[in-house]
Amino acid sequence: MKYNIIKSLRILFPFLLTVGLWRLSDNFWNPAGILAIIPIFFCSFVKHVAWFPIFSVFMCFVIDYKFETVCFWLAMYCLFYAINSFQNFIDITRMEANGFFAFTVFLGVTTLIQVLSNFTFITLLDGIWMWILVSVLYIPITNLIKRVQNDR
């Protein structure tokens, strides 16, 4: 019985972490719950978790709701998911540092598009801050997911 509960919690952990990071939104430290994009990216592209891409589509929609964008993060996630199907060129699952380089490219492109769509000096600074903050927190959060799932 105890083993089944622990196993269930290990399976549910990425889902619960994603919802938790989205709910902990703050204007400065976690704008619109953007930190939820870390487990969305990691569990969809690097370490495949069953049923997570469907959950990721929903969560990208919810991030769009908080950002007040119309399906922007959802479209970028779906575009990257389609690009990722060409794994004969780039295999994210075997990249070093839990796919950190691929994540920074994904986040950098999406942040750049957002900044350029409404360019001011403040949006530029917000975009740079968001990119730095999420990139810095990528490795600890992905290591936490791997450690909880006993996949060191």
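Scroll up to find the structure this text is about.
What comes next is a walk through the structure. Here the structure is a predicted model, which means the values were calculated and not measured.

## Brief notes about the overall build of the protein
Next up, step 1: The secondary structure content of the protein amounts to six helices and zero strands.
Next up, step 2: Taken against the 2.2 N^0.38 rule, which gives 15 Å for 152 residues, the C-alpha radius of gyration of the protein at 15 Å falls within 12% of a compact globule.
Next up, step 3: Counting only residues that meet the buried cut, the protein has 42% of its 152 residues in that class.
Next up, step 4: Sequence separation of at least 24 residues holds for 69% of the intrachain contacts in the protein that already meet a minimum separation of 6.
Next up, step 5: Here the protein has roughly 9,200 Å² of accessible surface; of this, 70% comes from carbon and sulfur atoms.
Next up, step 6: Taking the 10 positively charged and 7 negatively charged side chains of the protein as two groups, their mean positions are separated by 17 Å.

## Here we look at the packing of aromatic side chains
Between two aromatic rings, the relevant description is the distance of the centres plus the angle of the planes.
Next up, step 1: Tallied over the full model, the rule gives 20 aromatic pairs.
Next up, step 2: For the pair phenylalanine 45 and tyrosine 81, a centre-to-centre distance of 5.8 Å together with 50° between the ring planes defines the contact as tilted. Here phenylalanine 45, found in helix H2 (residues 37–46), pairs with tyrosine 81, found in helix H4 (residues 72–84); they are 36 residues apart in sequence, far enough to count as distant.
Next up, step 3: The exposure class of phenylalanine 45 is buried, given its relative accessible area of 0%.
Next up, step 4: Residue tyrosine 81 is classed as partly exposed on the basis of its relative accessible area of 40%.
Next up, step 5: A connected cluster of aromatic rings, assembled from ring pairs, spans Phe41, Phe45, Tyr77, Phe80, Tyr81, Phe100, Phe103, Phe106 and Tyr138.
Next up, step 6: Between lysine 66 and the ring centre of tryptophan 22, over which it is positioned, the NZ or CZ distance is 4.7 Å.

## A few points about helix H6 (residues 121–148)
Next up, step 1: Relative to the 40 Å expected for 28 residues at 1.5 Å per residue, H6 spans 40 Å between its end C-alpha atoms, a close match to the ideal helical length.
Next up, step 2: Approximately 35° is the largest bend angle found in H6, and it occurs at tyrosine 138, with the proline proline 140 only one to four residues beyond.
Next up, step 3: Every buried residue of H6 is listed here: Gly127, Met130, Leu133, Val134, Ser135, Tyr138, Ile141, Thr142, Ile145 and Lys146.
Next up, step 4: At the exit of H6 stands asparagine 150, carrying a positive phi of roughly 50°.

## Comments concerning the packing of helix H3 (residues 52–67) against H4
Next up, step 1: Remark: H3 packs on H4, axes separated minimally by 7 Å, with the N-to-C direction vectors making an angle of 145°. Only Phe72, Trp73, Leu74, Tyr77 and Tyr81 of H4 make contact with H3, whose side of the interface consists of Pro53, Ser56, Val57, Cys60, Ile63, Asp64 and Phe67.

## Observations concerning the nonpolar core
Next up, step 1: Counting residues in hydrophobic clusters, the biggest one holds 39 residues, and the most contacted among them are Ile37, Phe41, Ile63, Trp73, Phe103 and Val134.
Next up, step 2: Sorting the residues of this core by element identifies helix H1 (2–23), H2, H3, H4, helix H5 (100–117) and H6 as the ones contributing at least two each.
Next up, step 3: Broken down by element, the residue count for this core peaks at eight residues, all from H2.
Next up, step 4: Beyond its immediate sequence surroundings of up to four residues, phenylalanine 41 is in contact with Val46, Phe80, Gly99, Ala102, Phe103, Phe106 and Tyr138.

## Quick look at a nonpolar patch on the surface
Next up, step 1: Taken together, the side chains of Phe121, Ile122, Leu125, Ile128, Trp131, Ile132 and Val136 define a hydrophobic patch exposed on the protein surface, amounting to about 680 Å² of accessible area.
Next up, step 2: Within the fold, leucine 125 resides in helix H6.

## Things to note about H2
Next up, step 1: With respect to burial, H2 is a largely interior element, 10 of its 10 residues being buried.
Next up, step 2: Along H2, the residues classified as buried are Ile37, Ile38, Pro39, Ile40, Phe41, Phe42, Cys43, Ser44, Phe45 and Val46.

## Thoughts on the packing of H5 against H6
Next up, step 1: Between H5 and H6, whose axes approach to 10 Å, the crossing angle comes to 165°. Classified by the angle between their axes, H5 and H6 sit roughly antiparallel to one another. Both H5 and H6 take part in a crossing whose hand is right-handed. Contact residues: H5 offers Phe100, Phe103, Thr104, Leu107, Gly108, Thr111, Gln114 and Val115, while H6 offers Thr123, Leu124, Gly127, Met130, Trp131, Val134, Ser135, Tyr138 and Ile139.
Next up, step 2: When its residues are assigned to classes, the contact of H5 with H6 shows 10 nonpolar, seven polar and no charged.

What counts, and where the lines are drawn
- Residues numbered from 1 in each chain as written.
- Predicted model: local features only at pLDDT ≥ 70, side-chain atom pairs only at ≥ 80, totals over all residues.
- Heavy atoms only, no water.
- Helix = DSSP H or I, 4+ residues; strand = E, 2+ residues; numbered from the N terminus.
- Rg over C-alpha atoms; globule rule 2.2 N^0.38 Å.
- Buried < 20%, exposed > 50% of the residue type's maximum accessible area, 1.4 Å probe, protein only.
- Contact = heavy atoms within 4.5 Å.
- Areas by Shrake-Rupley, 256 points an atom, 1.4 Å probe, with all protein chains shown as cover.
- Lys, Arg positive; Asp, Glu negative; His and termini not counted.
- Charge placed at Lys NZ, Arg CZ, Asp CG, Glu CD.
- Phe/Tyr/Trp six-rings, centres within 6.5 Å; stacked < 30°, edge-to-face > 60°.
- Lys NZ or Arg CZ within 6 Å of the ring centre and 35° of its normal.
- Expected span 1.5 Å × (residues − 1).
- Bend = angle between axes of the 7 residues up to and from the residue.
- Axes fitted to C-alpha atoms, helices over the stretch in contact; angles between N-to-C directions.
- Core = buried A, V, L, I, M, F, W, Y, C linked by side-chain atoms within 4.5 Å.
- Patch = residues over 30% accessible without salt bridge, like charges linked within 9 Å, V, L, I, M, F, W, Y side chains within 5 Å.
- Salt bridge = Lys/Arg side-chain N within 4 Å of Asp/Glu carboxyl O.
- Parallel < 35°, antiparallel > 145°, perpendicular 65-115°, else oblique.
- Left-handed = near helix turned anticlockwise from the far one by under 90°.
- Nonpolar A, V, L, I, M, F, W, Y, C, P; charged D, E, K, R; others polar.

Honestly, that's just the spatial picture; any functional story needs more than this.
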